[in-house]
Amino acid sequence: MGKASKHARKLEVDFPSRPAGEVAATLVAAQQAVFRKAWKQYRKAADNDPEALHDLRVELRRLRVWLTLSRAVIQTRKSSRRHLKALAHASSPARDREVMLDLLGQAAQDANAGIVAERLMALADIHQPADGERLAFDVKPGLRPRPRKDTPPFAEWFSQQLEQMMDAIGRELARGPEGAHPARIQIKHLRYLVEPMSEPFAQAAPMIADLKSAQDHLGDIHDLVVFRSRLPTYASWLIAEDLPEALERPGKQSRAVTRAFAGARDGTLALSGWQDERFNTLWAQWSKRRPPIERRLDQVSRKLADSMRTVGGASD
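Only a predicted model underlies this, so the values are computations on that prediction, with no experimental measurement involved. (Residues numbered from 1 in each chain as written. Predicted model: local features only at pLDDT ≥ 70, side-chain atom pairs only at ≥ 80, totals over all residues. Heavy atoms only, no water.)

Focus: a positive patch on the surface
Consideration 1: A surface patch of positive charge is lined by Lys78, Arg81, Arg82, Arg144, Arg146 and Arg148.
Consideration 2: Here the positive patch gets three residues from one element, more than from any other, and that element is helix α4 (residues 78-107).
Consideration 3: Tracing the sequence through the fold places Lys78 in helix α4.
Consideration 4: Relative accessible area serves as the criterion here: at 55%, Lys78 is assigned to the exposed category. (Patch = residues over 30% accessible without salt bridge, like charges linked within 9 Å, V, L, I, M, F, W, Y side chains within 5 Å. Areas by Shrake-Rupley, 256 points an atom, 1.4 Å probe, with all protein chains shown as cover. Salt bridge = Lys/Arg side-chain N within 4 Å of Asp/Glu carboxyl O. Lys, Arg positive; Asp, Glu negative; His and termini not counted. Charge placed at Lys NZ, Arg CZ, Asp CG, Glu CD. Helix = DSSP H or I, 4+ residues; strand = E, 2+ residues; numbered from the N terminus. Buried < 20%, exposed > 50% of the residue type's maximum accessible area, 1.4 Å probe, protein only.)

Quick look at the structure:
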């Protein structure tokens, strides 16, 4: 959040009244510079700085979200957008592996799932080893953001984006667990939209804090959903480890084969039970936190939009 807030300093005092394309181009260029700095740090320190990849992914997401939000008011190099998308996809497996290992580490503390979770953490080095290759990317020639012609004032464009995303978040959250992940994506986009406004508008800071809190909580819930979808893969790891020994001797080896599959079954049941209990706990916590967060977001988003329009109108 701190890095993003610096972007606002690059804007003119009357930026709410200026064309949306002009302001968005300035913000995208500023975020591209922050991303390039994160890329440089990753290339320099990735081997001994575990946070370098995380920081790179965060700044890359900020940049790509702003590109998505502002595509109607700015033009950018299509080839550069494709390269950024490819980099995002290439960096995902390492993050996914880290998240799943963290969840297995949590499950390892459980009385029922602990043994199988520890086995799977060890097997991950065989079946999904850490990628030792560095990511490849060329920062040049860059996006070259350019404002489109005849775009509305930034205050008008921003308020419209704000309203649309708040409506989308409300609709998705009303769907319950099925809407949690789509809501989280919208919340993340809204947070990145608002972040550069944190210095010129006081309403932005508390809004960003609530958005970050909601994003993190829904992210933890989604990680558990992904974890459950990985259980068939984890079961296959267990079988692949135990079955060869059962089949080393000739004959049907019915009991040995049955034990191998039974072990995978029991381990999967233990992990699915842990996941279900953890998911229900986090969802119950979110159900209590959601109403006050939604009320605050609704109130502060309206105040932010009003302030933006007021400054924009006063500058005409």
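Back to the write-up after that little detour.
Considering a negative patch on the surface
Consideration 1: A grouping of Glu51, Asp55, Glu98, Asp102 and Asp220 is seen on the molecular surface, where their side chains present a negatively charged patch.
Consideration 2: Listing elements by their share of the negative patch, those giving two or more residues are α3 (51-69) and α4.

What to know about unusual backbone geometry
Consideration 1: A cis amide bond links Lys140 with the next residue in sequence, Pro141, at an omega value of 10°.
Consideration 2: For Arg144, which is not glycine, the phi torsion reads 50° and is therefore positive.
Consideration 3: Structurally, Arg144 is set in the loop between α5 (114-127) and β2 (146-147).
Consideration 4: Here Arg144 falls in the partly exposed class, since its relative accessible area comes to 47%.
Consideration 5: The backbone of Asp150 sits at a positive phi, close to 55°, despite the residue not being glycine.
Consideration 6: With respect to the secondary-structure elements, Asp150 resides in the loop between β2 and α6 (154-174).

Function cannot be read off these values alone, since they describe shape.
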